[in-house]
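In case you want the letters, here they are:
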Amino acid sequence: VRCVQETEDTKQGQTKMSTQDKYRKVPNKQEQEPAENEVRISSQSRAARIISIVLGLFLQKNFKVVYLRGSGNAISTACTVAEVLRQRIKDLQQINNIITNDISEQYEPKEEGLDTVTITRSLTILEIKLSLENEDKNHIGYIAPLPADQVREVTLDDLEKGRERRGPRRGGRPGGRGGNRRYDRGDRRSGDDDRRPRGGDRSGDRRREGGERRRREGDRRKKRRW
């Protein structure tokens, strides 16, 4: 029975793969571009990057309301970003909303004789509204601002310094992979530096330490016998 079941599953998988190979997805041209104060978070988004973008919207562009939107695995990232921002911006209010959108995906055939297929699915999205304006405190998703003593405000200068400190990601950092190393291979060959590089031959030191450890253990055994 198990062999028969595995054979049927294999046939179904092969049928599904062959069906997918016969169609291509049509790009959705009706997708609306996000507003300037709306940040869409994907599963690949980094929380630190999103935090920097939202801080720029509040501090540089002086927006009073910013929206975060995420679905699936991005929901946890959106919640983390909102919590950190509430600790960095004074009097920042949070309103959570659950939105359900119907998304239609169209697939056109690669072979003649097949019909165009349209698939409609429901997508659940978490929308987080971060606001510095007066909001409805009776809203079911309303979260009040943190007390002033729990907020470490970030200024525009702090934001610029943070961006300069991070700098470009490519090219490696000094001392890291791909960066400048303290003991370069050429220096060791030319003998410019007489100091021994890290990770040299320490087998003699290890043998001496092992011998001393064994002698101490032997002395303890003798004392116990007496």
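The residue numbers shown here count from 1 along each chain, following its written sequence. Local features are withheld for residues below a pLDDT of 70 in this predicted model, meaning they are given only at 70 or higher, and side-chain atom pairs are given and counted only at 80 or more; totals for whole chains, interfaces and linings count all residues. The side-chain quantities take in all heavy atoms of the structure and omit both hydrogens and water.

Novice: So, the environment of Tyr67: which residues are in play, and what are the values?
Specialist: Secondary structure elements follow DSSP: runs of H or I no shorter than four residues count as helices, runs of E no shorter than two count as strands, and numbering proceeds from the N terminus. In this fold, Tyr67 is placed in strand E3 (residues 65-71). The buried label applies to any residue whose accessible area, calculated with a 1.4 Å probe on protein chains only, is under 20% of its type's maximum; exposed applies above 50%, and partly exposed to all values in between. For Tyr67, a relative accessible area of 25% gives the class partly exposed. Along the chain, Tyr67 and Val39 lie 28 residues apart, while their C-alpha atoms are 6.1 Å from each other. Among all residues touching Tyr67, those that are not within four sequence positions of it are Asn37, Glu38, Val39, Glu127, Ile128 and Lys129. In this description, contact between two residues means that some pair of their heavy atoms is separated by no more than 4.5 Å.

Novice: Just give me the short version of the packing of helix H2 (residues 47-59) against helix H3 (residues 74-86), but keep the residues and values in it.
Specialist: Any two packed helices are characterised by how steeply their axes cross, that is the angle between the axes, and by the distance between the axes. Between the N-to-C directions of two axes lies an angle of 0 to 180 degrees, each axis being a line fitted to C-alpha atoms and, for a helix, fitted only over the stretch in contact. Contact pair H2 / H3: the axes reach a minimum separation of 10 Å and the direction vectors enclose 50°. Considering the angle they form, H2 stands oblique to H3. Crossing angle aside, the handedness with which H2 passes H3 is right-handed. Residues Ala47, Ile50, Ile51, Val54 and Leu55 of H2 lie in contact with H3, whose contacting residues are Thr77, Val81, Val84 and Leu85. Classification convention: Asp, Glu, Lys, Arg as charged; Ala, Val, Leu, Ile, Met, Phe, Trp, Tyr, Cys, Pro as nonpolar; all other residues, Gly among them, as polar. Residue classes in the contact of H2 with H3 are distributed as eight nonpolar, one polar and no charged. In what follows, roughly perpendicular refers to angles from 65 to 115 degrees, roughly parallel to angles under 35, roughly antiparallel to angles over 145, and oblique to any angle outside these ranges. We call a crossing left-handed when the near helix sits turned anticlockwise from the far one by less than a right angle, and right-handed when that turn is clockwise.

Novice: Now, about the side chain of Glu105: what can you tell me, with residues and values included?
Specialist: For Glu105, the location among the structural elements is in strand E4 (residues 93-109). Engagement of the side chain of Glu105 in a polar contact is seen with the side chain of Tyr107, the distance being 3.1 Å. The term polar contact refers here to a pair of N or O atoms within 3.5 Å; inside protein, the definition further demands a hydrogen-donor-capable atom paired with an acceptor-capable atom, and it admits residues adjacent in sequence only when both atoms are side-chain atoms. A polar side-chain atom of Glu105 sits 3.0 Å from a polar atom in the side chain of Arg121.

Novice: Go over the pairing of E3 with me, naming the residues and quoting the values.
Specialist: Paired strands, as defined in this entry, are two strands with at least two bridges between them according to DSSP. Here four bridges tie strand E2 (residues 38-41) to E3, and the two strands are oriented parallel to one another. Residue Ile41 lies in a different strand from E3, and its bridge partner there is Gly70. We call a crossover right-handed when, viewed with both strands directed away from the observer, the connection leading from the first strand over the helix to the second proceeds clockwise. Viewed along the sheet, the connection from E2 through H2 into E3 turns out right-handed. Pairing between E3 and strand E5 (residues 117-131): seven bridges, direction antiparallel. Bridge pairing in E5 places Val66 opposite Leu130.

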